[in-house]
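Residue strings, one per chain:
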Amino acid sequence: MSTALETYINRTVAIVTSDGRMIVGTLKGFDQTINLILDESHERVFSSSQGVEQVVLGLYIVRGDNVAVIGEVDEETDSTLDLSNIRAEPLNSVAH
């Protein structure tokens, strides 16, 4: 997995955590246990009744055992999204 993550360094990534959070930021580094260092990060909080809230986190570390999914964000497409009009149920925690 670490070689796949190397291609994401200095790129914008979205991370879904095992507790259902979605964090978006620039991947700055990682280690052998997939602990991730994100810069300029924010959490996207989804709601079925109002738009997506973005909570600024700044420089942020995500523990590797809390990462469920990680993927690169297409910044061009992401910048065209109107998050205030997106409604979605919050994600549930991952059941082991």
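Since we're looking at a predicted model, the values are computed, not measured.

Thresholds, definitions, all that
- Residues numbered from 1 in each chain as written.
- Predicted model: local features only at pLDDT ≥ 70, side-chain atom pairs only at ≥ 80, totals over all residues.
- Heavy atoms only, no water.
- Helix = DSSP H or I, 4+ residues; strand = E, 2+ residues; numbered from the N terminus.
- Buried < 20%, exposed > 50% of the residue type's maximum accessible area, 1.4 Å probe, protein only.
- Contact = heavy atoms within 4.5 Å.
- Salt bridge = Lys/Arg side-chain N within 4 Å of Asp/Glu carboxyl O.

Colleague: With reference to specific residues and values, describe unusual backbone geometry.
Modeller: One non-glycine residue, Asn-10, lies in the positive phi region at around 65°. Structurally, the position occupied by Asn-10 is in the loop between helix H1 (2-6) and strand S1 (12-17). Although it is not a glycine, Ile-34 adopts a positive phi angle of roughly 65°. Residue Ile-34 is classed as buried on the basis of its relative accessible area of 17%.

Colleague: Requested: an account of the environment of Leu-57, with residues and values cited.
Modeller: Secondary-structure assignment places Leu-57 in strand S4 (residues 53-62). Taking the relative accessible area as the measure of exposure, Leu-57 reaches 23% and is therefore partly exposed. Sequence-distant contacts of Leu-57, that is, excluding residues within four places in its chain, are made with Arg-21, Ile-23, Ser-41, His-42 and Glu-43.

Colleague: Tell me about the pattern of salt bridges, and please be specific about residues and values.
Modeller: If you walk through the whole model with that rule in mind, you get four salt bridges. With a shortest N-O distance of 3.4 Å, Glu-72 and Arg-11 are connected by a salt bridge. With Glu-72 in strand S5 (residues 67-72) and Arg-11 in the loop between H1 and S1, this pair connects stretches of sequence that are 61 residues apart. Take Glu-72: its relative accessible area is 42%, and that puts it in the partly exposed class.

Colleague: For the side chain of Ser-41, give the residues involved together with the corresponding values.
Modeller: Of note, Ser-41 is situated in strand S3 (residues 36-45). Residue Ser-41 is classed as buried on the basis of its relative accessible area of 2%. Setting aside its immediate chain neighbours within four residues, Ser-41 contacts Ile-23, Val-24, Gly-25, Val-56, Leu-57, Gly-58 and Tyr-60.

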